[in-house]
Amino acid sequence: MTRLVMKFGGTSVATLDRIKRAAKRVGREVANGHEVIVIVSAMSGKTNELVGWVNETSPFYDAREYDAVVSSGENVTAGLMALTLQEMDIPARSWQGWQVPLITNGAHGAARIEEIPTANMDAKFAEGMKVAVVAGFQGISPEGRITTLGRGGSDTTAVAFAAAHGAVRCDIYTDVDGVYTTDPRVSSNARKLDRIAFEEMLELASLGAKVLQTRSVELAMRFKVKLRVLSSFDEYDETAGTLVCDEEEIMESKAVAGVAFSRDEAKMTLISVADKPGIAAAIFGPLAEAGVNVDMIVQNISEEGRTDMTFSCPVDQVKRAEKAMEGARASGAIEYSELVADTNVAKVSVVGIGMRSHAGVAARMFQSLRDEGINIKVITTSEIKISVLIDRKYMELAVQALHDCFELEKA
Ligand code: ADP
Ligand code: ASP
Ligand code: MG
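As a starting point, this report considers the structure included with it. (Residues numbered from 1 in each chain as written. Chains lettered and ligands numbered in written order. Predicted model: local features only at pLDDT ≥ 70, side-chain atom pairs only at ≥ 80, totals over all residues. Heavy atoms only, no water.)

As a further point, take a positive patch on the surface. Together, Arg18, Lys20, Arg21 and Lys24 line one region of the surface with positive charge. Structurally, the position occupied by arginine 18 is in helix α1 (residues 16–31). (Patch = residues over 30% accessible without salt bridge, like charges linked within 9 Å, V, L, I, M, F, W, Y side chains within 5 Å. Areas by Shrake-Rupley, 256 points an atom, 1.4 Å probe, with all protein chains shown as cover. Salt bridge = Lys/Arg side-chain N within 4 Å of Asp/Glu carboxyl O. Lys, Arg positive; Asp, Glu negative; His and termini not counted. Charge placed at Lys NZ, Arg CZ, Asp CG, Glu CD. Helix = DSSP H or I, 4+ residues; strand = E, 2+ residues; numbered from the N terminus.)

Within the element layout of this structure, aspartate 342 appears in strand β16 (residues 338–351). In this structure the side chain of aspartate 342 is engaged in a polar contact, spanning 3.2 Å, whose partner is the side chain of lysine 377. Non-local contacts of aspartate 342, meaning those with residues more than four positions away in its chain, are made with Ala266, Lys267 and Lys377. (Polar contact = N/O pair within 3.5 Å; in protein donor to acceptor, adjacent residues only side chain to side chain. Contact = heavy atoms within 4.5 Å.)

For the rest of this paragraph, the subject is the site of ligand 1. Surrounding ligand 1, one finds 16 residues, the nearest of these being Thr174, Asp175, Tyr180, Asp183 and Arg185. With respect to ligand 1, the backbone of tyrosine 180 contributes an N or O atom lying 2.9 Å from a nitrogen atom. Out of a free accessible area of 570 Å², ligand 1 has 89% covered by protein chains. Here the shell around ligand 1 is composed, by residue class, of six nonpolar, five polar and five charged. (Near = heavy atom within 4 Å. Nonpolar A, V, L, I, M, F, W, Y, C, P; charged D, E, K, R; others polar.)

Following valine 100, the chain continues into proline 101 via a peptide bond in cis, with omega recorded as -10°. Here proline 101 shows up in the loop between β3 (92–95) and β4 (103–104). The backbone phi angle of aspartate 89 is positive, close to 65°, even though this residue is not glycine. Mapped onto the fold, aspartate 89 is located in the loop between α4 (72–87) and β3.

Time to look at the pattern of salt bridges. Evaluation of the coordinates by the stated rule reveals 22 salt bridges. Close ionic contact of arginine 64 with aspartate 62 constitutes a salt bridge, the shortest N to O distance being 3.0 Å. Owing to a relative accessible area of 40%, arginine 64 belongs among the partly exposed residues under this scheme. The closest approach of N and O atoms between lysine 377 and aspartate 391, which form a salt bridge, is 3.3 Å. (Buried < 20%, exposed > 50% of the residue type's maximum accessible area, 1.4 Å probe, protein only.)

Structure, rendered in C-alpha cells:
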C-alpha cells in the first residue's frame, strides 16, 4: 500500500456538490490502491467571515481565541468529507488537528509544525480505514491550545503529512489548473508552467502568489516531497497540473520565471529619527515584538544627525505598528517627529533562478515601469528576485507590463 496526500482548497469544497466531486477523485485514488490522507480547507469565504467576526469583537484580540474561532471552518468540511466518503462505501473518518495530534509551537495565528506522530493513523489504516480526512490549517500547542498555521495554511498541513507519512506524492487541488507565470486572474496571457523550481515557487509564494503557502514550499523542499498543483474542476489526467521540483529537473532557464504581487502592503515612514548607533534596533525590536512583519527597509541619508526611516508591512498590521512605535516613543527608546502611513501601495516582484546568470534584469524592469509612467517608491533585490513598491492603483498595469517585457507568455 502506498500513501497519497490530496488537499482540497476552499473553492473545491465550497458546496456539498463540490465535496461530492472531490470525494469521487479520492475514490478513484483508493481504487488505484492508495491509502489516502485528505486535507481539507474551510468552505470558501468561511475563514474570512470568521476573521471578520474576531476583529469586530476585539480589535487587539487574544490570539489564542482567534485560533479557536478561525480554525473551526475546517472542522465542518472534514466531517462532511468523511460522511460523503462513507456514503460512497469508502471506509473513512475525520481528524481534527488536536486528535492527530499535529503538534505546533505556541505562535498563535502563525504556528509552526513541530511534530506529526503517525502511529495513531497507521493503526486505523491497518484496521482497514482507506481515507483519513484531516482538518487543515490547525494544530495544538504544547500548552494544549488550538493553533492555526497562518492564512493558506492547509497547504502546509498537506505537505507536512506527506513528509511524515512518506507519501508518494502531495496533490494540491485548487481552482486553477496549475502554477502560472503570474496570477491568471490579473493577466489574461499568463501561461501555465509544467514545472517550477522549488526556489522560484518559494519566492513567488512569499511575494504574494497565494496558490501555495510559503511554508508548504519550504517543507516540500526540505523533505523532498513530490508536490503537484492541479485543478479540482478539470477532468483528471496523469500529467495534469504543475510539478514543483528541483532546479535540475527543469530544462528552460529564462531570466524571469514569474511575476508576483501583493496588494495589501503599507509603507510607513518615521520622520526625523536620530541617526545614531542602535536606532534600527530600537525601531525594529519593538515592531518584531508586536508581531509586525516588516519587509522592505530604507534609511535615508541623514542631515544634521536626523534621518527618515521607511519600512513596509502588511496593511492590516499598520495599527499594530503605530501602537508599537508610540510605545517606544513614550518609553524614550526612540524619538521621531511624525509617523506617516501610506496604505495605498502594492508590491510587484519578478522572480527567476535565471537571474543568477542573466545581467540587466533590474534595468529592464525599471525601464518597463518607466514606460508606463509608474513611479517606484522602494526597491529591494535578492539573488533571484527584484521587488518594487508602487501606488496600488497601478498594480495590475505593472504586472501586465512586466509580464510582456519579459515575454512570459512564450514557452
Ligand atoms: P485554495 O482555496 O484552493 O487554497 P487559493 O485561493 O489559496 O486556493 O489559491 C489559488 C489562487 O491563487 C488562484 O485562484 C489564483 O488566483 C491565485 N494565484 C496567484 N498567483 C498565481 C500563480 N502564479 N499561478 C496560479 N495561481 C495563482
Ligand atoms: N481556511 C484557511 C484560510 O482561508 C486555510 C486554507 O484555506 O488553507 O486561510
Ligand atoms: Mg490556498
